[in-house]
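Analysis of the macromolecular model
Listed below are the residues making up each chain.
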Amino acid sequence: MLSRQNKLFVLKMISLFSVVRGYNIPIIALAQYLSAIFILAPERRALSILLDFQLFIIVLASSLTIASGYIINSFYDSKKDLINRPNKSQLDRLVSQKTKLRVYFSLNFFVALIAFFVSFRAVLFFSVYIFLIWFYSHKIKKYTLIGNLMAAFLAVLPFFGILLYFYLKMPLYEIENNSTKLSVILSHASFLFLLILIREMIKDLENLKGDLANDYKTIPIIYGEEVSKKIITGLTLMTIVPVYFLINVYDVGYMDIYFYSCFIVLILFLLYLWKWNTKEQYILLHNVLKFLIVSGVFCIVLINPSVLWHGKKILMTI
């Protein structure tokens, strides 16, 4: 049996895991590695990418920066979360605000330190990223639409860190030869950006009471739920543009199955968006979008599934 002190320690660790959304971090790291293997460097062996030390540092730094971002976001949103997410808020409050700040600064210092193993540009990139997350949590997220746009931008920014890592190593002529890969990753990023932006706007509908009590100027508060739903509908229709390029212009292998499935789900999503109007129903729509985003990460392997079979053969011969 654990002593009372040990139980409290375990609870605090669970609380900290909840604050940093520890269940999201492996998904983000996996998405970065899969993007590198299947989109940015498909000509390289997957094992060589997985064993690339500098790439590992970038993925680790991205994960820790995002974790610290969740901490500072929780710090500023503690009052709002008491209304919007009372159960999660009770768990998160087992870790004091002072401890949260200590972990936040420690993580950011460690990120800056390990980024030096890659380059000064990496240090600069992550320093800017850390600042933007803080600025968003402290100021920007309270403002109409700008907060939603910046949240979506910050969510896709780690993928541009991976992009810069590969492209800054190339001479100019190689960058021109790899312009198609750049277009593919930008199209993927655009689709992901739109999904995250839609999810952020659903969260505004979901968190209406807490946002109103804490003077957040979100679209549902300023213009009403109907206007918010019209904007969400427009953004959902805009996902057709990057998907058109990914399916009809560029070669994404079998991943077109994922995009066609997304269209079916998003049509149902819009039908229920206009039909539903309660917090519980908005949470369900939010989870549908989260499922599309997470499943999109795993479906990257559909671009070239033969990499998996080849990797299996290599492992069996070892």
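Another aspect to go through is the overall build of the chain. Assigned secondary structure in the chain consists of 18 helices and zero strands. Relative to a compact globule of 318 residues, whose C-alpha radius of gyration would be 20 Å, the chain shows 21 Å and is just as compact. With respect to the three principal axes, the spread of C-alpha positions in the chain is 55 × 50 × 40 Å. A burial count over the chain gives 47% of its 318 residues as buried. Taking all contacts inside the chain whose residues are at least 6 apart in sequence as the whole, residues at least 24 apart take part in 78%. Split by element, the accessible area of the chain, about 17,000 Å² in all, is 69% carbon and sulfur. Here the chain contributes 31 positive and 17 negative side-chain charges, whose respective centroids are spaced 10 Å apart.

Here we come to the environment of Ile283. Here Ile283 shows up in helix α17 (residues 279–298). According to the relative accessible area criterion, Ile283 is partly exposed, its value standing at 29%. Along the primary structure Ile283 and Ile27 are separated by 256 residues, whereas in three dimensions their C-alpha atoms are 21 Å apart.

Take unusual backbone geometry next. Despite not being glycine, Leu145 has its phi angle at roughly 65°, a positive value. For Leu145, the position within the fold is in the loop between α8 (120–138) and α9 (146–167). Given the relative accessible area of 34%, Leu145 is considered partly exposed. If you check the backbone angles, Asp215 has positive phi at about 60° while not being a glycine. Mapped onto the fold, Asp215 is located in the loop between α12 (208–213) and α13 (219–222).

The subject of this paragraph is the confidence of the model for the chain. Across the chain, the average pLDDT comes to 86, with 92% of residues at or above 70. The model gives residues 312–318 a pLDDT under 50, and that stretch makes one contact with residues more than four places away or in other chains.

On to the pattern of salt bridges, then. Inspection of every chain in the model, using the stated rule, returns six salt bridges. Residue Glu226 pairs with Lys230 through a salt bridge whose shortest N-O separation is 3.7 Å. Highlighted residues: Glu226 and Lys230, both in helix α14 (residues 225–238), separated by four residues, approximately one helical turn. Side by side, Glu226 and Lys230 carry an identical accessibility label, which is exposed. Overlapping salt bridges, with partners in common, bring together Arg199, Glu200 and Lys203 in one network.

Rules used throughout
Residues numbered from 1 in each chain as written. Predicted model: local features only at pLDDT ≥ 70, side-chain atom pairs only at ≥ 80, totals over all residues. Heavy atoms only, no water. Helix = DSSP H or I, 4+ residues; strand = E, 2+ residues; numbered from the N terminus. Rg over C-alpha atoms; globule rule 2.2 N^0.38 Å. Buried < 20%, exposed > 50% of the residue type's maximum accessible area, 1.4 Å probe, protein only. Contact = heavy atoms within 4.5 Å. Areas by Shrake-Rupley, 256 points an atom, 1.4 Å probe, with all protein chains shown as cover. Lys, Arg positive; Asp, Glu negative; His and termini not counted. Charge placed at Lys NZ, Arg CZ, Asp CG, Glu CD. pLDDT = per-residue confidence, 0-100. Salt bridge = Lys/Arg side-chain N within 4 Å of Asp/Glu carboxyl O.

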